[in-house]
Amino acid sequence: LHRVDRRQRQMCIRDRFYLALFLSFFNGFSQNKTTINAVFNDTDKSIQINQSITFQNTSNDVLNLIYLQDWTNSYSEKDTPLANRFAEEFKNTFHFANIEDRGFTDIQSITYLSNTLKFERLKNQIDIIKIDLKDDLNPGSTVTLQLSYKLRVQNDKFTRYGFTDKEEFHLRYWYIVPAVYDGKWQYYSNKDLNDQFVTPYAVSYTHLRAHETVLDL
């Protein structure tokens, strides 16, 4: 297990065509992986994503649900754990921000083997998604989820990550990742601590962008 921190690799992409990147996040002890196809639109500050997540049950327990961390959605309301942290630190910019400056995630579908899965956001943690698996996930087994969703990217004035005044995407913790299960589910909301808790996983990433995008992955 590891926490993603500031020492992670930063990439700056300026290509005007399709760019396929295969990132070296693979850990030999983990079979978790995700594939992301992302189309960036700076007209409405959005990213359309088609993503697959392969999650391996490395525990001795049978799992019938899975949790995902969706930190872009932590900007969607003024009473999220992130918003509460801003208030505790007397940062009023977010509280008075227009809805156009706040980010959110619109999940269009989550499927497994072409079957639609039921999901819900936790009541007091709307950046955490609970998915009911239709079949038990036995120890050592894997499940591959297919996600389709659209991100509305927040203004970068809140945390330095988001859509900038120069109409650039400067992103961190922007796509959905599975939470850790180590005998119990370890899922955490975004509180702007730069410490997302995830297992190592392999990423392949396809990107379409016309201007500059800075990604901390």
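In this text the structure is predicted, and so the values were computed from the model without any measurement.

1. Focus: the overall build of the chain
- Within the chain, the secondary structure is distributed over one helix and 19 strands.
- Here the chain holds 217 residues, and the buried ones make up 52% of them.
- Total accessible area computed for the chain in this model is approximately 11300 Å², and 47% of it derives from carbon and sulfur atoms.

2. Focus on unusual backbone geometry
- At Lys45, a residue that is not glycine, the phi angle is positive and equals roughly 60°.
- Positive phi, normally seen in glycine, also occurs at Asp192, with a value near 60°.
- Structurally, Asp192 can be placed in the loop between strand E16 (185–186) and strand E17 (197–198).
- Classification of Asp192 as partly exposed rests on a relative accessible area of 24%.

3. Observations regarding the side chain of Gln69
- Relative to the assigned elements, Gln69 resides in strand E6 (residues 63–69).
- By relative accessible area, Gln69 is classed as buried at 0%.
- Among the polar contacts listed, one links the side chain of Gln69 to the backbone nitrogen of Tyr188, at a separation of 3.0 Å.

4. Overview of the environment of Asn32
- Structurally, Asn32 can be placed in the loop between strand E3 (19–23) and strand E4 (33–41).
- Taking relative accessible area as the criterion, Asn32 reaches 7% and is therefore assigned buried.
- For the pair Asn32 and Thr142, spaced 110 residues apart in sequence, the C-alpha separation works out to 8.5 Å.
- At 2.8 Å, the side chain of Asn32 forms a polar contact with the backbone nitrogen of Gln56.

5. So, the sheet that holds E6
- In spatial order, the strands read E9-E10-E6-E14; together these four strands make up an open sheet with antiparallel pairing. The open sheet is flanked by strand E9 (119–122) and strand E14 (177–178), the only strands paired with a single partner.
- Bridge count for E9 against strand E10 (residues 125–137) is four bridges, and the pairing is antiparallel. From the neighbouring strand, Glu120 faces E10, where its bridge partner is Lys130.

6. Quick look at the environment of Arg160
- Within the fold, Arg160 resides in the loop between strand E11 (142–152) and strand E12 (162–163).
- You can call Arg160 partly exposed: its relative accessible area is 45%.
- Measuring from C-alpha to C-alpha, the distance between Arg160 and Arg172 comes to 9.5 Å, with 12 residues separating the pair along the chain.

7. Considering the confidence of the model for the chain
- Within the chain, residue pLDDT values average 81, and 77% of them lie at 70 or more.
- A low-confidence stretch, residues 1–29 (pLDDT under 50), is modelled with 80 contacts involving residues beyond four sequence positions or located in other chains.

8. Quick look at the nonpolar core
- Formed by 38 residues in total, the largest nonpolar core has its most connected members in Ile47, Ile49, Trp174 and Trp185.
- Of all elements in the fold, only E4, strand E5 (46–56), E6, strand E7 (104–112), E10, E11 and strand E13 (169–172) reach the threshold of two or more residues within this core.
- Contacts of Ile47, omitting those with residues within four sequence positions, involve Ala38, Val39, Phe40, Tyr149, Lys150, Leu151, Val153, Phe169, Leu171 and Trp174.
- In this structure, Ala83, Phe86, Phe94 and Phe158 belong to the second largest nonpolar core, which totals seven residues.

9. Notes on the pairing of E6
- The buried fraction of E6 amounts to six of the seven residues, a majority that puts the element mostly inside the structure.
- Relative to E10, E6 runs antiparallel, the two being bridged by six bridges. For Leu65, the partnering residue across the bridge sits in E10 and is Asp132.
- Where E6 and E14 come together, two bridges link them in antiparallel fashion.

Parameters at a glance
- Residues numbered from 1 in each chain as written.
- Predicted model: local features only at pLDDT ≥ 70, side-chain atom pairs only at ≥ 80, totals over all residues.
- Heavy atoms only, no water.
- Helix = DSSP H or I, 4+ residues; strand = E, 2+ residues; numbered from the N terminus.
- Buried < 20%, exposed > 50% of the residue type's maximum accessible area, 1.4 Å probe, protein only.
- Areas by Shrake-Rupley, 256 points an atom, 1.4 Å probe, with all protein chains shown as cover.
- Polar contact = N/O pair within 3.5 Å; in protein donor to acceptor, adjacent residues only side chain to side chain.
- Pairing = 2+ DSSP bridges.
- pLDDT = per-residue confidence, 0-100.
- Contact = heavy atoms within 4.5 Å.
- Core = buried A, V, L, I, M, F, W, Y, C linked by side-chain atoms within 4.5 Å.

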